[in-house]
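What the coordinates show
Here is what each chain is made of, one letter per residue.
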Amino acid sequence: MSFAKLKATREAQTKPSYVSSDTPESRPRAAGGEQAAQASTSSSHASSLPQNANEPQQLYKNIPKTLLEIRTDAVKGRGLWATQNIGAGQTILALPPYAAALSTANLSSYCSACTKPKPASGSSPLKRCTQCRIVHYCDAACQTADWALHKLECVALRRGGPPSEDVEGETSSGALIPNDAIRCLARMMWRRKKKGLESDWSKELDAMQAHLPISPSAQEQHTHLALSLVRFLGLTSPQELAELGVASGAELARIVAKFTTNTFTLSAPDLTPLGACIAPPVALINHDCQPNAVVVFPGTKQSHRASHARDHSAGDTPRRRGKQILTAYIDTTLPRIQRQQALQETYNFDCRCSLCTSDDPDPRESVWCPKKCGGICPMPTEENPLSQCSRCKSVLRDTDAVLDAIRVGQQGLDKATAVQFSDRAKAQQLTSKLIPILTSAGLPPAAHPLLALRRLHLAMLIEDVSGSVSADDPSSPLAQKTQTQTQLLDEAIITATQICKGLDAVLPYAHPVRGLARAEAGKLLAVDEPAPAPTLTLTNTNTTSTSTAPPHSPPTGPARLKLARDTLLHAHTELQLGFGKANAGGEVGRAVREDVVGLERELGGVDAARGGGGEGCEGGGEA
Ligand SMILES: C[S@@+](CC[C@H](N)C(=O)[O-])C[C@H]1O[C@@H](n2cnc3c(N)ncnc32)[C@H](O)[C@@H]1O
């Protein structure tokens, strides 16, 4: 698994949100910069705070001082605080990563300079570096922009990577390709040397917080990464290490530790993980499971010439002056215990945020009220099987059945996630079987692992839907073909709708994941319905009636189009806030807006054909 994927399993799907969370109390800004920061950090976190940076405010020139300031929290260390009220959807920070690398699987399908994907067939394909034959670029301009780093990387790639599990593929000449973490680290080191060790750029990197790994497995992982890096860089002596500005092996270990604590998953505008990247000003932001900001890579209007890490403030409540800016490092749709484990494993701290310390029932860990009053019961556990509805106080019976369903669901989710690419049929069989088991055990749409299973199921269904539309088999009978297509599409729409319900219950309004999920549901509703292929049903009165609709199937015809338009409009509003207003909701937000305009036109046509006036939105669907 690539480093990006590994981190992404923890963080990507639920890139941060933005509730008006009541963040821990702000503390007065530490007067003494790094020393003060170090002194005020809990030693139980075994972290080593920056030793050699300037007064932090003098570094980080690209942090807008009119909006933000660096302060130190006694528990979390340095962080960013709002110096004025920041509106929903306002960009807080926008900057390109200091170093980035695509994961190996993406090296031939994305540009290594701007991270734009391979163009659709028909347009000119990505150009491969003729020397290493590994990295690809949109054109000569992208290649030139990346050359200063790639010329060093090209040599290292041709030399071949370390023969270890960090290697994820090989070149046509059989050279091994190290994973994205090693290549990103190497790019960071080369650039650090080029910029000068005394430059602010390098000092910001050096000032990143490092956790000295506590667990033996983390220690082993760091050592392994450091050794692989040395081999990839082609270093054979301590002198060569010193030429890169690294005085000793211990210092190299610290650099690796800083890297793992502070990297981000480089993602596409739709949050698909692409690789690893590092941006010290953004890495200053601390974690909260109910954060008030989000890190996204929304794509630029004309092209992806610059891959910006943008930190957006989103949601419908402004971040008030004096509040700490907080993002989520992990998937916040997960139940508390899994969030805590992920944070401990990678970032080495116990989260004490309001969500992690609350006693209120949490939809992530809940079961519908047995009396169906609309309330929820806390999910029973082996230790605490007693559970009652938070609203009507009805007691949940047969908790063993619920516990069994959850256990089987979690095991199935782990298995299906592991085999989703290698054995699609198995993964799909698992998700299809487990979703009804969990719903009949009474789990609401937000509960884990039901929500996660549905998200996985939908990803596979969407591939099937596009496959069934594009690979229309002319030999199969029309009725059978359209029925399969209708069933697939309806199942995808129903699943997407349930996912939106689940995400709405656990993520704050305008979270990018919510916006993307709603955009997906809207797009599925907008897919042309397969030509009607009615099944004939004989009735006992000797007449025939037609019916293709399974129970709870989505509406058809103009009603479906209207629902698609309304869903996409809703998605557009959330995407604008989640991916930034100034950026018009990012690449996905702009595409959704075009879809809305198309649907408005179609609906106008339908209304005109019926002789009615359209009931569309002015200006093509701006919410
Ligand atoms: C990416 S860094 C954030 C910036 C860091 N505070 C600094 O001083 O450079 C991540 C580290 O910050 C600390 N941290 C972030 N959020 C925290 C939280 N909610 N509680 C405790 N520590 C936190 C942890 O030590 C974590 O490994």
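Residues numbered from 1 in each chain as written. Predicted model: local features only at pLDDT ≥ 70, side-chain atom pairs only at ≥ 80, totals over all residues.

The subject of this paragraph is the overall build of the protein chain. Counting its regular elements, the protein chain contains 18 helices and 20 strands. Scored against the burial criterion, the 623 residues of the protein chain give a buried share of 47%. Across the protein chain, the fraction of contacts at a sequence separation of at least 24, relative to all contacts at a separation of at least 6, is 69%. (Helix = DSSP H or I, 4+ residues; strand = E, 2+ residues; numbered from the N terminus. Buried ≥ 20, exposed ≤ 12 C-beta atoms within 10 Å, placed from the backbone. Contact = placed C-beta atoms within 7 Å.)

With that settled, consider the sheet that holds strand β3 (residues 77–82). The pairing of strands in a sheet happens through backbone hydrogen bonds and is either parallel or antiparallel. Taken together, the 4 strands give an open sheet; going across it, the order is β2-β3-β16-β13, and neighbouring strands pair in mixed fashion. Whereas interior strands pair on both sides, the edge strands pair on one side only; in this sheet they are β2 (68–73) and β13 (286–287). Here β3 pairs with strand β16 (residues 324–327) via 2 bridges, running antiparallel. Residue pairing for β16: Leu 80 is matched across the bridge by Ile 325. (Pairing = 2+ DSSP bridges.)

Another aspect to go through is the site of the ligand. Taken together, 21 residues surround the ligand, and among them Gly 77, Arg 78, Gln 209, Asn 286 and His 287 come closest. Where the shell around the ligand is concerned, the elements lending two or more residues are β3, α8 (249–262) and β13. In terms of residues, the shell around the ligand owes the most to one element, β3, which gives 3 residues. Here the shell around the ligand is built from residues that sort into 7 nonpolar, 11 polar and 3 charged. (Near = placed C-beta within 6 Å. Nonpolar A, V, L, I, M, F, W, Y, C, P; charged D, E, K, R; others polar.)

Core analysis: the largest hydrophobic core is formed by 132 residues, its most contacted members being Cys 184, Leu 185, Ala 186, Cys 277, Ile 325 and Ala 496. In terms of nonpolar packing, the next biggest core, distinct from the first, is built from 10 residues, Ala 328, Leu 343, Tyr 347 and Leu 355 among them. (Core = buried A, V, L, I, M, F, W, Y, C linked by C-beta atoms within 7 Å.)

With an omega of 5°, the peptide bond running from His 448 to Pro 449 counts as cis. Tracing the backbone shows Pro 449 in the loop between α13 (424–440) and α14 (450–470). If you check the backbone angles, Asn 348 has positive phi at about 65° while not being a glycine. Here Asn 348 is to be found in the loop between α10 (336–347) and α11 (354–357). A tally of 21 C-beta atoms within 10 Å means that Asn 348 is categorised as buried.

Between its first and last C-alpha atoms helix α16 (residues 512–526) spans 21 Å; for 15 residues at 1.5 Å apiece the expected length is 21 Å, and the two agree. The buried fraction of α16 amounts to 14 of the 15 residues, a majority that puts the element mostly inside the structure. (Expected span 1.5 Å × (residues − 1).)

The next subject is the environment of Leu 343. Structurally, the position occupied by Leu 343 is in helix α10. What makes Leu 343 buried here is the crowd of 21 C-beta atoms within 10 Å. As a C-alpha pair, Leu 343 and Ala 427 span 84 residues in sequence and 27 Å in three-dimensional space. In this structure, Leu 343 is in contact with His 287, Tyr 329, Ile 330, Phe 349 and Cys 351, ignoring residues within four places of it in sequence.

Ordered in space as β5-β12-β11, the 3 strands form an open sheet in which the pairing is antiparallel. Each edge of the sheet is formed by a strand with only one pairing partner; in this case those strands are β5 (99–102) and β11 (264–267). Taken pair by pair, the neighbouring strands of this sheet meet at an average axis angle of 35°, ignoring direction. Two strands pair when backbone bridges link them, and β11 and strand β12 (residues 273–278) are joined in this way by 4 bridges, in the antiparallel orientation. If you follow Thr 265 over to β12, its bridge partner there is Ala 276. (Axes fitted to C-alpha atoms, helices over the stretch in contact; angles between N-to-C directions.)

Another aspect to go through is the packing of helix α12 (residues 399–419) against α13. At their nearest, the axes of α12 and α13 sit 9 Å apart, and the two run at 160° to each other. Between α12 and α13, the angle is such that the two are roughly antiparallel. The hand of the α12/α13 crossing is left-handed. In this structure, α12 uses Ala 405, Val 408, Gly 409, Gly 412, Lys 415, Ala 416 and Val 419 to contact α13, whose residues at the interface are Lys 426, Ala 427, Leu 430, Thr 431, Leu 434, Ile 437 and Leu 438. By residue class, the composition of the contact of α12 with α13 is 9 nonpolar, 3 polar and 2 charged. (Parallel < 35°, antiparallel > 145°, perpendicular 65-115°, else oblique. Left-handed = near helix turned anticlockwise from the far one by under 90°.)

So, about the packing of helix α6 (residues 216–233) against α8. In the contact formed by α6 and α8, the axes pass within 9 Å of each other and the chain directions differ by 110°. What the angle tells us is that α6 and α8 run roughly perpendicular. Considering only the axes of α6 and α8, their crossing is right-handed. From α6, His 222, Leu 225 and Ala 226 reach across to α8, where they touch Leu 252, Ala 253, Val 256, Ala 257 and Thr 260. In terms of residue class, the contact of α6 with α8 is built from 6 nonpolar, 2 polar and no charged.

Now for helix α3 (residues 140–159). Owing to its 3.6 residues per turn, the α-helix aligns residues three or four sequence positions apart on the same side. Its 20 residues place the ends of α3 only 24 Å apart at the C-alpha level, less than the 28 Å of an ideal helix rising 1.5 Å per residue. Roughly 70° is the biggest bend found in α3, and it falls at Trp 147. All of the buried residues along α3 are Cys 142, Gln 143, Leu 149, His 150, Glu 153, Ala 156 and Leu 157. As for α3, its buried residues are in contact with β6 (127–128), β7 (136–137), β9 (176–178), α4 (180–195) and α6. Of the residues one or two after α3, Gly 160 is the one with positive phi, at around 100°. (Bend = angle between axes of the 7 residues up to and from the residue.)

The predicted structure's coordinates, where accompanied by low pLDDT, should not be read in detail. Across the protein chain, the average pLDDT comes to 81, with 76% of residues at 70 or higher. Across residues 10–54 the pLDDT falls below 50, and counting only partners more than four positions away or on other chains, this stretch makes 128 contacts in the model. Here the predicted complex carries an ipTM of 1.00, next to a pTM of 0.83. (pLDDT = per-residue confidence, 0-100.)

Bringing the environment of Asn 292 into the picture now. Its location among the elements puts Asn 292 in the loop between β13 and β14 (294–296). Taking the number of C-beta atoms within 10 Å as the measure of exposure, Asn 292 has 30 and is therefore buried. In this structure the C-alpha to C-alpha distance between Asn 292 and Ala 100, which are 192 residues apart in sequence, comes to 25 Å.

Turning our attention to the environment of Gly 87. With respect to the helices and strands, the residue Gly 87 is situated in the loop between β3 and β4 (90–95). For Gly 87, a count of 14 C-beta atoms within 10 Å corresponds to the partly exposed category. Measuring from C-alpha to C-alpha, the distance between Gly 87 and Pro 555 comes to 37 Å, with 468 residues separating the pair along the chain.

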